[in-house]
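Observations on the three-dimensional arrangement
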Amino acid sequence: GRGPGITPVRTSFNRGVYHYSRGDLDAAQSEFRAALDEDASDHRARFNLALVYDEKARHAHDAQLNEDGSTWTKRAREQYLQLLDGRPQHLRAQVNLAAIEYENGDKGAARERLRQALGSHDDSALARVALASLLFRDSRTSGTADLGESLLLLDAALSLDTAHTEANWLLGECHRYLAEQALREGQDAALEKLI
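Residues numbered from 1 in each chain as written. Predicted model: local features only at pLDDT ≥ 70, side-chain atom pairs only at ≥ 80, totals over all residues. Heavy atoms only, no water.

**Here's the deal with the layout of surface pockets**
- Roughly 880 Å³ of volume is contained in the largest pocket.
- Around the largest pocket, the lining is made up of 28 residues, and of these D54, R58, A99, I100 and E103 lie nearest the centre.
- Those elements that provide at least two residues to the lining of the largest pocket are helix 3 (43-62), helix 4 (66-86), helix 5 (91-103) and helix 7 (125-142).
- Sort the elements by how many residues they give to the lining of the largest pocket and helix 5 lands first, with eight residues.
- Looking at the lining of the largest pocket residue by residue, the class counts come to 13 nonpolar, eight polar and seven charged. (1 Å grid on protein atoms, 1.4 Å probe; cavity = no way out; pocket = protein on both sides within 12 Å on 5 of 7 lines; lining within 4 Å. Points joined across faces, edges and corners; volume = space filled by probe spheres on them. Helix = DSSP H or I, 4+ residues; strand = E, 2+ residues; numbered from the N terminus. Nonpolar A, V, L, I, M, F, W, Y, C, P; charged D, E, K, R; others polar.)

**What about the nonpolar core?**
- Judged by nonpolar contacts, the single largest core of 28 residues is most densely connected at L114 and L154.
- Those elements giving two or more residues to this core turn out to be helix 5, helix 6 (107-120), helix 7, helix 8 (146-160) and helix 9 (165-194).
- If you tally residues by element for this core, the top one is helix 7, at nine residues.
- Core analysis: the second largest hydrophobic core is formed by 22 residues, F47, L49, L97 and I100 among them. (Core = buried A, V, L, I, M, F, W, Y, C linked by side-chain atoms within 4.5 Å. Buried < 20%, exposed > 50% of the residue type's maximum accessible area, 1.4 Å probe, protein only.)

**Structural notes on helix 8**
- Between its first and last C-alpha atoms helix 8 spans 21 Å; for 15 residues at 1.5 Å apiece the expected length is 21 Å, and the two agree.
- Buried residues of helix 8: D146, L147, S150, L151, L153, L154, A157 and L158, and no others. The buried residues of helix 8 occupy an angular sector of 165° when projected down its axis, which confines them to one face. Seen from the buried face of helix 8, the exposed residues on the opposite side, beyond 90 degrees, are L152 and S159. (Expected span 1.5 Å × (residues − 1). Arc of directions from axis to C-beta.)

**Re the side chain of Q29**
- With respect to the helices, strands and loops of the structure, Q29 is situated in helix 2 (residues 25-38).
- For Q29, a relative accessible area of 15% puts it in the buried group.
- Reaching out from Q29, the side chain makes a polar contact with the side chain of K56 at a distance of 2.5 Å.
- If we skip the residues at most four places from it in the chain, Q29 touches L49, V52, Y53, K56 and W72. (Polar contact = N/O pair within 3.5 Å; in protein donor to acceptor, adjacent residues only side chain to side chain. Contact = heavy atoms within 4.5 Å.)

**A short note on the pattern of salt bridges**
- Summed over the entire model, instances satisfying the criterion amount to 12 salt bridges.
- For E101, the salt bridge is made with R113, and the minimal N-O distance between the two is 2.9 Å. Of this pair, E101 sits in helix 5 while R113 is found in helix 6, placing the two residues 12 residues apart along the sequence.
- Judged by its relative accessible area of 9%, E101 falls in the buried class.
- When the shortest N-O distance is used, the salt bridge between D138 and K107 registers 3.5 Å. With D138 in helix 7 and K107 in helix 6, this residue pair connects regions lying 31 residues apart in the sequence. (Salt bridge = Lys/Arg side-chain N within 4 Å of Asp/Glu carboxyl O.)

Here it is in structure tokens:
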């Protein structure tokens, strides 16, 4: 017989999770679609279907099949939006949708979505880290002053969860970037004195 704690893979949702965990995205997609056919309000199946589409978009992008990648991204976006229609406070859907918006060039919408998520999830490290990540990316690419806000968000996230891996990693990246900036500025100042 089966040992304790093993979940039977009888439902479409459970089969979808199983296939997704094994990297079989096509089978996972099929099972999550079947779960939604059985119950269109199954928010777990909808979220996981969106994750499958997100993963397929990444695979297509990595293989440089940008046209296919955009199709999968569009499908993921549709699933996240549909999920948020019924469950507007679903934090992971908000964060993942903001990432899609950001990657599609709608940085303002991504920031606003994450700020709203922070408003309704003030005890969440995830919402703070997601926004800090976007702000840090912007500060590196456009030289904006968002790095200070990013650092404040990361400090707040770590006060909620000191072991949050992404927050700790991102905080290290922010400080590395600041150190590199300071070194560059010091070198530029030294060069100006020589000239």
